[in-house]
Structures are given as structure tokens and as C-alpha cells.
There are 2 protein chains.
Amino acid sequence: MTGPQEHAVVVGAGLAGSLTAVFLARRGYRVSVYERRPDPRTAGTAATGRSINLGLSARGMAALDEAGLLDAVLARGVPMRGRVVHRPDGTTRFQPYGVREHEILHSVLRDDLLRLLVDTASAHPDVSFHFGRTLTGLDRDKGTVEVADPAETVEADLIVGADGVFSAARRHLQHGLRADYAQEFLPWGYTELTIPAGPGGVPRVRLEALHVWPGEDALMVAHPNRDGSLTCSLFMAHEGPVSFAALRDRAAIHAFADAAFPDARELMPDLADELLAHPVGRLVTVRTAPWRHEDRVVLVGDAAHAVYPFFGQGMNAAFEDCLVLDACLGRHPDRGTALAAYEAARRPHTDVLADLSAANFTELRARVHRPGYVLAAAADRALSRLLPHRWVPLYTLVAHTTTPYADALARVRRQRRALAAAVTVGTAVAVLAARLSLRGRAC
Amino acid sequence: MTGPQEHAVVVGAGLAGSLTAVFLARRGYRVSVYERRPDPRTAGTAATGRSINLGLSARGMAALDEAGLLDAVLARGVPMRGRVVHRPDGTTRFQPYGVREHEILHSVLRDDLLRLLVDTASAHPDVSFHFGRTLTGLDRDKGTVEVADPAETVEADLIVGADGVFSAARRHLQHGLRADYAQEFLPWGYTELTIPAGPGGVPRVRLEALHVWPGEDALMVAHPNRDGSLTCSLFMAHEGPVSFAALRDRAAIHAFADAAFPDARELMPDLADELLAHPVGRLVTVRTAPWRHEDRVVLVGDAAHAVYPFFGQGMNAAFEDCLVLDACLGRHPDRGTALAAYEAARRPHTDVLADLSAANFTELRARVHRPGYVLAAAADRALSRLLPHRWVPLYTLVAHTTTPYADALARVRRQRRALAAAVTVGTAVAVLAARLSLRGRAC
């Protein structure tokens, strides 16, 4: 960059905000990051509000790689080579994530990753972090933000809103504009539970996998940790006969677990304590526009698009935002053009991701252990082995490639149409051949 | 009602709020209405923010009739017996609204109607209006509202949010809940223009009709007034080649009008002055849930559902809300049950109305003067005359009946399927008959 150094303010020092700070500093900006929570490196887990662990997949890895952070992140994670599906009768089935060596995910603790990102960004001489500073105002035309504790007005050439699903930056960005906005809550919530490591740190279940307990009324997934434990997310309705609201005492919790996850019960000695103590999180989809204002304000991550967690793509999509934004800033010297190109390149795809994530809720709830699903998944893998360049399962495209989400969906639809046509033609040829051979015999 | 008199606070003294006050007083409530604007009876048109005139149809009439106000309203309105469609070549075509005598609309000035409603409500000894008092807080659990000028906390047994599309009451009602919310702006806006009466108060066009100038890029409708003038709403894009933003001077306005509405131009001597002076309104669809909290807070009108104006149903749906809410309060002695029944009875239908209103935008923009549309509309009317109890056009069901919106749509879909089946069978019979007759001749 030539000319005087420009100043970027990033609102929110979460995963997307911290990675954005790294990219912006590399592009020559002086970067100030304002975050209302305390410093995650000193404040412990509670301060970040979420300790869930996450499945890092290709899109997230591509962004971290570009930032020079991938090796450090993978060293902190646990590879997940597939899904272990736990059936109600206590049996399990392993479904590999892909057919190729690199088609695996990595389980990382959100807080570990966040600390690494904040450390990396703040090591840059042009980046400063300001924790405990809440955004109280934003003037999209003047290019200023107001922050509290102490009250201060900060001028910025570029303001990046990375402050999550109920983004204050977005509210200021869109205030008075003809902004489209849709939020939709799932009637289900989630809470975190633990499968501790066994004696001597030996994992109680196969470690290098995502464990899934599907169910119509309650669903659980567990990500592995390096210490041999697994962190579970239990999903169920907020209210109703089978719900968090209904699990008010130990007897109710044990009866529920015996019925829903009989084999998980013995793996989770602290189940009742944790369920009674941990907060229940909410699940929301947010679609909105615009994501930007002229050359001064832009949104990334959950502030721009929130999705249900059932495709494991929330963090990956947020990191991909940072990567695409950085690429657009590199490609277009005019920043207004760059921000417009970024929104045009991303929004259609994150809207599709919202749909895919909602559809996967249905999958995970029930279909994962139904014969039809298992058969379809096996057929998907078999076709992918037979026609490696022609047939790529949707899950593979979403998790193991950086094909934009809408393009991935379009490709899978084309594949399915082509397969249906091939089956029709094949059947016709077979019937014809059979008839000819019958005739041959008759003559 | 037995027991001590209950207190209802209505937030917003617009059309829905004022009618709700009338109904609640009749049910025995003491009613306080708080409105941030000044009293519309003394403050003139500008104070209400909108002077548009509206097409009163069956639903609105049913609600006003129940409140004993219909005759007074109709005496202030102008009947509209159909639509006059103005074609680009300057010719016009009259399309009657229905086939039966009562199937007409009534054009009423919003401000006239509002003053009548406020007068009627405030004549009730148990109703008080408080103008210039803005809602600053609402506690949905305690049942209190805070209002400004002067600051005051008011206790209420029931709080009705009738404060319009960007309802503050709704924001407080839903704060922190898992509320679904979607707003979508049309890229088009609208402004108001006038076709003054001719010399001696003689209307310049057929008075007892809604006038429509369809167009891909701009669309105008005009409602008649009792003084022989018509109030027009011009709809077009906010920005772009043909847009409000592009009409910056008289030359541009006259060139636009000559091209888009050649016959309207001479009817509107103040066109350029008005277009340059009048604000451009925005068009938004809002769908949201919940509409209520326990037995204490409930939303009506635009606060609960905002729709585009292209089906002329915004006010009618709002009045129908008041009627249904009143009926639910009458039917269920437990108010929590009544409010739940009201939301369950209304929300699915106003969501369908939002879809129908958006679909009618497409109709009005272009199809009204295309031969296919005219033919289909004529076929609709002909079928309705031939099979008066079996075939009812969608427009008739929406505008001239109180059939709930979703039921109206479902009925029209059934009719179309039945017609398609009848045409198929009829064609088959005709073909068969023709063949038989040919064979007969061949023998």
C-alpha cells in the first residue's frame, strides 16, 4: 500500500475478527480490534461464552493456511477420520468422511484456536487489541466508531463488523437503510456435556472420529480432545415432553439418557450434574443484506450470516469470509469495489449454506441410522470410488473442498440427474437385451 | 366482565389501535391509548405521516360494522365499482370488481377514517387518548409500559401493540425471546400525487373506480375522493435508470410522464411540483412470531404483519385482526387462551396475505393490460357468473368475502385443479365423439 497507513477497526475479537486482523495487517493496515469481553488468553473459558469444540474442514484450513497458521492449529487438534454412529441398541457403525487420505476433519477447541489467533494477530506491530470495550455507536458515513470504558470515538478508514450473530455493528450499518433481515430460531437448543477420558487418559471410545447419537427427539454429537476426553453437544427441544425444560431432576435425566443414549450413559459419569448446571444455547439462522456500506463498513462471520451447526460449517464459513474478503481487497485497488465484490461473491453461498445446515438437522436427527440413509451414503462412497472425478458426494464438496456452497449444491443436483438418466438408459438397454436374447432363444 | 375493571394500554392511535380501543371498551376495559404523534383531529394531515387513501373492502367493513361505524365511514367514502386500466396508447378498459351488486370497494381518506375512529373511541367514558407520548419501555412480565413527556410508568392488565411496522412494543415483547422475524424491502418506493377535480368540481376521469396505470418500470394507482379529485400513488424503483432518484428536475419528470403515463400527464398539472416536494415512502413485508406474551401483551395490525399494498389489504387485514381479537376475547374467559387463539387464528392467514400481496405486484406491474391477463380475468368473471357458488375468483374471495386468506388461496387452487380436470375430460369426450361420428360416416 502506498500513501499514509490506513486505519482499520475490527469490532469483535472472536475467530473471524482475529483472523481478519491478521489479514488486514498483512495488507498494510494499522488494525485496532475492540471486543466487549475480556482477553480470552487470561480470562479462562467462561469469558468467551462458548467452549464448544469445532470441526475444522477444508475451507477453514485454506484460510488458516493462507494466514500461515494451519500447522500450529493442526498440532492442537485431533484428526477425525469419520463418523461413529451409535444406534439405540448400543451397537455402532463407522462411516469414513471421505475416500481419500486428506478427506478428514480436525477437532479443535474453540478457545485454543481463539487464543492462538489473538496471539498471532497481536504479535503484529500494527495490530492492537482492546478488550472490555463495547461498541456503542458507529457512523457509517463518517467512518467512526464509539466504544465504551472509557468512552471514545475512533476514526477508521475501514470498519469490519465481526461481532457475531446479534451484531451491534450490523445494526448500525443497516440502521435506516432498506435492509433485508430474517432470523429464525430452531425450537431446539443445545448444551455441552463431557465424556471424560478413562483411567490413564485412555479414551473411552474411538478417539479419531465424530461420535453421533441420532434421534427424533434428542441428538448428540461428540468431538474428541487431545487429552482423551470428548466434548458432547446435546441437542433437543427447549420445551415439550422430551426437552431441556422437562429434565429438571436427576431421576428425569437418568430416565431420559437410558432411553435415548443407553451406551452414552455409562460414558458420562457427570451427565446429571452437567445437565443441571450448564446453560442451554439457542440455535438461530440469520440471513441479511447489505453486508457493507460504500468503502467503509463490512461484515464477516456470524454478523453476516448465522447458520445452524448441523453441517459443522459455521466457523469454516466465517474463516472463508476472511479469505475471500482479503482476496477481494487484493484484487480491487478501489475498496468500495472490493467490498461489493466480496458481498457478491459470498452472500449467495452462505444463504445456501443456511439451507444445507437446516436440511442436515433432519438428516442427523433420524436418517443417519436408517437403512435407506446408510445405503445411500454407501452408494455415494462407492460411486465416488468408481468415478472419482465425476461423482463427488455433497458432504465431500462441502467439507473437503472449497467449491462455493451454491456451486456444490448445483453440482450434486447435476450428478443425481445424470445418474437417474444413466439408470433409465441402462434399464432400457438391459430390458431390450433380455428381450432380444429371449427372441433369439425362441427362434 | 365481573370483578374490578381491568386496564388495557394500547400503544399507537392509528387505525388498528383506535379500533381496538373501541372494542376493548365495549368488553368492559378501561383503555388508555398512548401515541407518539399529535392528535390527528387538530394537527392536520402532516401529523399522521400518511395521507394516502385506502380501499375499504369486505373484511374492513365487517370490523367497522361490528363496531357500529360502517354507515358513518361509507358516508365519507366514494364507492369504487371496478378498475379502470389505462393503456400506454391512452385508451382505457373498465374491469368490474365483481359480478354482484355488493362486490365493490370504498375509497376512504386515511385521515378522515382515523379522525372518526379516534372521535368514536374517545367518546367512550372509559377510553382516554394520550398524544405526543412515546413508548420508551415495556415489561412483558410485570405488565407495565413506560412512556415519555412526561416520563411515567403505567400498569396494565393487557397491553396491545398497535404501533405499526417498526413497532417498539413488538421489540420489547420479543426482546430476548426466540422470536422469528423477517423484513424484506421492495426495491420500489411510492409517492403521492394528485389529479385535481376539473372546473366546477367535475371529476376529470370516471370517479367511481380505481384507476390503474400498469407498467414494468413504473406503476400508478388513483383512488377517488368525494371532492372530485383523485389521489394517486406512483410506484417505481428507488434507484436506477427509471427511478425516483433519476427524476431530479422538471425536464426529466415530464419526459418520464410522457413516456410512462401519456394520458395522466394532462390530468396532473402539479405533477412536477409534487414529485419534487413529496417524500418517497418505502415498502416492506414483515413476518414475525410470537405476536403475544402470556395473557398480557398482544400485537395487531402492521406491528404483527406488514404487507405490500398491491392487494389493497393492509388496512382491511388490520381491522380484521381487531375483530378476531375481540371475538377470541369474547369466546375464551381466560385471556392467555384468548390471545393464543387469536395468534393461531390470524398468523397463518396474514403470512399468506404477504405472499398474495407480493404476487399482485407482478400482476399490477405488467399483466393487467396484457391480452392473456384480460382473457383470464374475463374467463374468471364468466365462470363466476356460470357457476356462482362453485367458482369464485381469488380477488373476489380476498376483497369481497371474509374467507380467511389461506383458505381463499386453497379454494382457488382447488377450483383451478377441478377446471383443469374438467377441461381434460371434456376434451377427451369431444375427441371421442368426433371419432365416433367420423366412424359413423365412414360406415
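Residues numbered from 1 in each chain as written. Chains lettered and ligands numbered in written order. Predicted model: local features only at pLDDT ≥ 70, side-chain atom pairs only at ≥ 80, totals over all residues. Heavy atoms only, no water.

An unreviewed UniProt entry lists chain A under the name Kynurenine 3-monooxygenase, from Catenuloplanes indicus. The UniProt entry for chain A carries this comment under Pathway (unreviewed entry): "Cofactor biosynthesis; NAD(+) biosynthesis; quinolinate from L-kynurenine: step 1/3." (UniProt positions renumbered as here; feature names shortened; annotations may be inferred.)

**A look at the relation of the copies chain B and chain A**
The transformation that overlays chain B on chain A combines an axial shift of 0.1 Å with a rotation of 180 degrees, and the residual RMSD is 0.0 Å. Interpreted geometrically, this transformation is the action of a two-fold axis. Rotation axis and chain B: the residue whose C-alpha lies nearest the axis is Ala182 of chain B, separated from it by 1.9 Å. A shared interface surface links the copies, since 100% of the contact residues of chain B are contact residues in chain A too. (Least-squares fit on C-alpha atoms with pLDDT ≥ 70 in both. Contact = heavy atoms within 4.5 Å.)

**Digging into the domain arrangement of chain A**
Residue and element names in this part refer to chain A. When cut into domains, chain A gives domain 1 (7–78 + 109–183 + 285–360) and domain 2 (185–282). Counting residues at the interface gives 16 residues for domain 1 and 14 residues for domain 2. By the criterion of area lost to domain 2, the three top residues of domain 1 are Asn53, Val78 and Phe310, representing 43% of everything that side buries. Here domain 1 and domain 2 share zero salt bridges between them. At the junction of domain 1 with domain 2, the criterion picks out five residue pairs in polar contact (both at pLDDT 80 or more). Among the elements that take part in the side of domain 1 that touches domain 2, strand 3 (residues 53–56) stands out by supplying three residues, more than any other. Looking at the side of domain 1 that touches domain 2, its residues break down into nine nonpolar, five polar and two charged. (Domains from an automatic or database assignment. Buried area = accessible area lost by both parts, 1.4 Å probe. Salt bridge = Lys/Arg side-chain N within 4 Å of Asp/Glu carboxyl O. Polar contact = N/O pair within 3.5 Å; in protein donor to acceptor, adjacent residues only side chain to side chain. Helix = DSSP H or I, 4+ residues; strand = E, 2+ residues; numbered from the N terminus. Nonpolar A, V, L, I, M, F, W, Y, C, P; charged D, E, K, R; others polar.)

**Focus on the pattern of salt bridges**
Residues and elements named next belong to chain A. The final tally for this structure, using the stated rule, is 46 salt bridges over all chains. Note that Arg26 is salt-bridged to Glu66, the shortest N-O span being 3.0 Å. Of this pair, Arg26 sits in helix 1 (residues 15–26) while Glu66 sits in helix 3 (residues 58–66), and the two are 40 residues apart along the sequence. By relative accessible area, which is 43% here, Arg26 ends up partly exposed. Several salt bridges share partner residues, and in doing so they unite Arg26, Arg27, Glu66 and Asp326 into one network. (Buried < 20%, exposed > 50% of the residue type's maximum accessible area, 1.4 Å probe, protein only.)

**What about the packing of helix 1 of chain A against helix 10 (residues 314–331) of chain A?**
Residue and element names in this part refer to chain A. Look at helix 1 against helix 10: their axes get within 9 Å of each other, and the N-to-C directions meet at 20 degrees. In this view, helix 1 runs roughly parallel relative to helix 10, as classed from their interaxial angle. For helix 1 against helix 10, the interelement crossing comes out right-handed. On the side of helix 1, the interface is formed by Leu15, Ala16, Leu19, Thr20, Phe23, Leu24 and Arg26, while helix 10 contributes Met315, Ala318, Phe319, Cys322, Leu323, Asp326 and Leu329. (Axes fitted to C-alpha atoms, helices over the stretch in contact; angles between N-to-C directions. Parallel < 35°, antiparallel > 145°, perpendicular 65-115°, else oblique. Left-handed = near helix turned anticlockwise from the far one by under 90°.)

**Some words on the sheet that holds strand 3 (residues 53–56) of chain B**
All names here are of chain B. If you trace the three strands from one edge of the open sheet to the other, you get 3-7-4, paired in antiparallel fashion. Single-partner strands in this sheet number two, and they are strand 3 and strand 4 (78–80). This sheet shows a mean twist of 35 degrees between the axes of neighbouring strands, independent of strand direction. As paired strands, strand 3 and strand 7 (residues 105–109) are joined by four bridges and run antiparallel to one another. Each residue of the ladder has a partner; that of Asn53, found in strand 7, is Leu109. (Pairing = 2+ DSSP bridges.)

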